[in-house]
Number of protein chains: 2
Amino acid sequence: MTPKDDGLAGPSLDHCSIAGTLEALGDSWSILVLRELFFGVRRFNEMQSELGISRSVLSDRLARLVNLGVVRTVPYQEPGDRVRNEYRLTRKGVELLPVMVALMGWGDAHVNGGCGPVTLHDKRSGERVRLELRTESGERVEPNEMEPRLSRSARKALATRQ
Amino acid sequence: MTPKDDGLAGPSLDHCSIAGTLEALGDSWSILVLRELFFGVRRFNEMQSELGISRSVLSDRLARLVNLGVVRTVPYQEPGDRVRNEYRLTRKGVELLPVMVALMGWGDAHVNGGCGPVTLHDKRSGERVRLELRTESGERVEPNEMEPRLSRSARKALATRQ
DNA sequence: CAGTATCCCATATGATACTG
DNA sequence: CAGTATCATATGGGATACTG
């Protein structure tokens, strides 16, 4: 048995969705910028000082995120001041929250020794929220009870190539 | 209302768990190496050719992951060959799978246009598995229905500092 | 096969200064 | 306040060659 036989990886996975997301957001600042937005920080200067990121990089990252469609600018005006922009997550950006929740969960458990400085709550009930793996029929699944499979389309693509 | 007032971010979050996890695994290769392990690829040379990563970087990354405790080496021996090592996820590494599932989910939806080359299944039932946000009492929560709060300990830390 | 060591380069980042 | 432009640097990564 060569290792190749039982592995799923291969040319068909060069652009697997994990790699795709990382290509879009896998640099060292994008996720942190999105975290700020998630945590309610919306303005350039505040993000900059919170994150300790350089102004040029923050400017670049925000532009990229807007371009990607995960962030949008919203005009606002302080009384007696000119109109400026603040930044908000788009729907596409909000759908990234599970990534942040997963990162936070692992960091809570394995970096911060069991719990972190932030907890997540349902806005209505106030109950704590967490991420779970479930089957379509609603059964909980542990991470080690899960296996990846090539989708039908990927198998077909692989077959024609061989 | 200054933006500062309604944001959660601040000095107490410099080492929030998202940043912590990213610090450990946020480089451009670690997650991809872990993906290979998740997909069943365990040997150095195979990972190297699958990923198109340079040998030195792969070597370095594997060492770091072992050091972090998310990967361990397991000796194996091909008949008539000397003993070598292969790599496996530890429990701590397996607990990182939700991060990969979340990345995959977003990539499926927003990079690969609705579906990707890989699906995840319960080993037993074969049913598809996905990530869900739920309250402790089992209610499903949409990403936009969720808000972050400072934990009790973080509030206390913040209070003493001010 | 499974690495390690060396060297070189591209690029990401930060510091600083400037602008509306 | 909210950026943009320029520059210097550091670091990450690849290519290559070597070793057990």
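Use the structure listed above.
Caption draft 1: Region of the structure containing the pattern of salt bridges. All names here are of chain A. Evaluation of the coordinates by the stated rule reveals 24 salt bridges over all chains. Between D27 and R61 there is a salt bridge; the shortest N-O distance is 2.9 Å. A residue pair is termed long-range when its members are at least 10 positions apart, and D27 in the loop between α2 (17-25) and α3 (30-38) and R61 in helix α5 (residues 55-68) qualify at 34 residues. It is possible to trace a salt-bridge network through shared partners that takes in D27, D60, R61 and R64.

Caption draft 2: Main features of the protein's contact with DNA strand C. Taken together, 19 residues form the shell around DNA strand C, and within it A:S28, A:R61, B:R55, B:S59 and B:Y76 come nearest. Across the atoms of DNA strand C situated within 4 Å of the protein, the share located in sugar and phosphate is 64%. A distance of 2.9 Å is found between a base oxygen of DNA strand C and a side-chain nitrogen or oxygen belonging to B:R84. Between DNA strand C and the protein, one listed contact pairs a phosphate oxygen with a side-chain N or O atom of B:Y87 at 3.0 Å. Along the lines of polarity and charge, the residues of the surface near DNA strand C split into six nonpolar, seven polar and six charged.

Caption draft 3: Focus on the interface of chain B and chain A. Counting residues at the interface gives 83 residues for chain B, matched by 83 residues for chain A. For the pair chain B and chain A, the summed buried area comes to about 7,900 Å², and 63% of that belongs to carbon and sulfur atoms. For the interface between chain B and chain A, the tally reads zero salt bridges. Where chain B meets chain A, there are 33 residue pairs in polar contact (both at pLDDT 80 or more). The greatest single-element share of the side of chain B that touches chain A, amounting to 12 residues, is contributed by helix α7 (residues 97-110) of chain B. For the side of chain B that touches chain A, the class distribution of residues is 40 nonpolar, 21 polar and 22 charged. Looking at chain direction, strand β5 (residues 146-150) of chain A and strand β3 (residues 118-122) of chain B are connected through five bridges and run antiparallel. Counterpart to A:M146 in the pairing with β3(B) is B:D122.

Caption draft 4: Examining the pairing of strand β1 (residues 71-77) of chain A more closely. Residue and element names in this part refer to chain A. The pairing of β1 with strand β2 (residues 83-89) spans seven bridges and is antiparallel. Counterpart to T73 in the pairing with β2 is Y87. Hairpin geometry of β1 and β2 is characterised by an intervening segment of five residues between the two adjacent antiparallel strands and by a positive phi of about 75° at G80.

Caption draft 5: Spotlight on the relation of the copies chain B and chain A. The transform that puts chain B on chain A rotates by 180° and translates by 0.0 Å along the axis, for an RMSD of 0.0 Å. Such a turn and shift between the copies fits a two-fold axis. Ranked by how close their C-alpha atoms come to the rotation axis, the residues of chain B are headed by B:E132, at 2.6 Å. The share of interface residues of chain B whose copies in chain A are also at the interface is 100%, consistent with both copies meeting through the same surface.

Caption draft 6: Seen up close, the environment of A:E127. For A:E127, the position within the fold is in the loop between β3 (118-122) and β4 (129-135). When the C-alpha positions of A:E127 and A:L58 are compared, they lie 34 Å apart, and in sequence the two are 69 residues distant. Among residues more than four places away in sequence, those in contact with A:E127 are A:L120, A:H121, A:D122, B:T135, B:E136 and B:S137.

Caption draft 7: Quick peek at the protein's contact with DNA strand D. In the vicinity of DNA strand D lie 20 residues, with A:R55, A:S59, A:Y76, B:S28 and B:R61 positioned nearest. Sugar and phosphate atoms constitute 63% of the interface atoms of DNA strand D, taking the interface as everything within 4 Å of the protein. Between DNA strand D and A:Y87, the relevant distance is 2.9 Å, taken from a phosphate oxygen to a side-chain nitrogen or oxygen of the residue. Take B:R61: an N or O atom from its side chain is 2.9 Å from a phosphate oxygen of DNA strand D. Mapped by element, the contributors of at least two residues to the surface near DNA strand D are α4 (44-51), α5 and β2 of chain A together with α5 (55-68) of chain B.

Caption draft 8: Examining the side chain of B:E132 more closely. Tracing the backbone through its elements, the reader meets B:E132 in strand β4 (residues 129-135). In terms of polar contacts, B:E132 uses its side chain to reach the side chain of B:R130, at 3.4 Å. A distance of 2.7 Å separates polar atoms of two side chains, one belonging to B:E132 and the other to B:R134. Excluding anything up to four places from it in sequence, B:E132 contacts A:R130, A:L131, A:E132, A:R134 and B:R140.

Caption draft 9: The arrangement of the packing of α3(A) against helix α2 (residues 17-25) of chain B in detail. It is at 10 Å that the axes of α3(A) and α2(B) come closest, and there the two elements cross at 175°. When the interaxial angle is binned, α3(A) and α2(B) end up roughly antiparallel. Where α3(A) approaches α2(B), its residues A:I31, A:L32 and A:R35 are matched on the opposing element by B:I18, B:A19 and B:L22. In the contact of α3(A) with α2(B), the residues fall into five nonpolar, no polar and one charged.

Basis of the calculations
Residues numbered from 1 in each chain as written. Chains lettered and ligands numbered in written order. Predicted model: local features only at pLDDT ≥ 70, side-chain atom pairs only at ≥ 80, totals over all residues. Heavy atoms only, no water. Salt bridge = Lys/Arg side-chain N within 4 Å of Asp/Glu carboxyl O. Helix = DSSP H or I, 4+ residues; strand = E, 2+ residues; numbered from the N terminus. Near = heavy atom within 4 Å. Polar contact = N/O pair within 3.5 Å; in protein donor to acceptor, adjacent residues only side chain to side chain. Nonpolar A, V, L, I, M, F, W, Y, C, P; charged D, E, K, R; others polar. Contact = heavy atoms within 4.5 Å. Buried area = accessible area lost by both parts, 1.4 Å probe. Pairing = 2+ DSSP bridges. Least-squares fit on C-alpha atoms with pLDDT ≥ 70 in both. Axes fitted to C-alpha atoms, helices over the stretch in contact; angles between N-to-C directions. Parallel < 35°, antiparallel > 145°, perpendicular 65-115°, else oblique.

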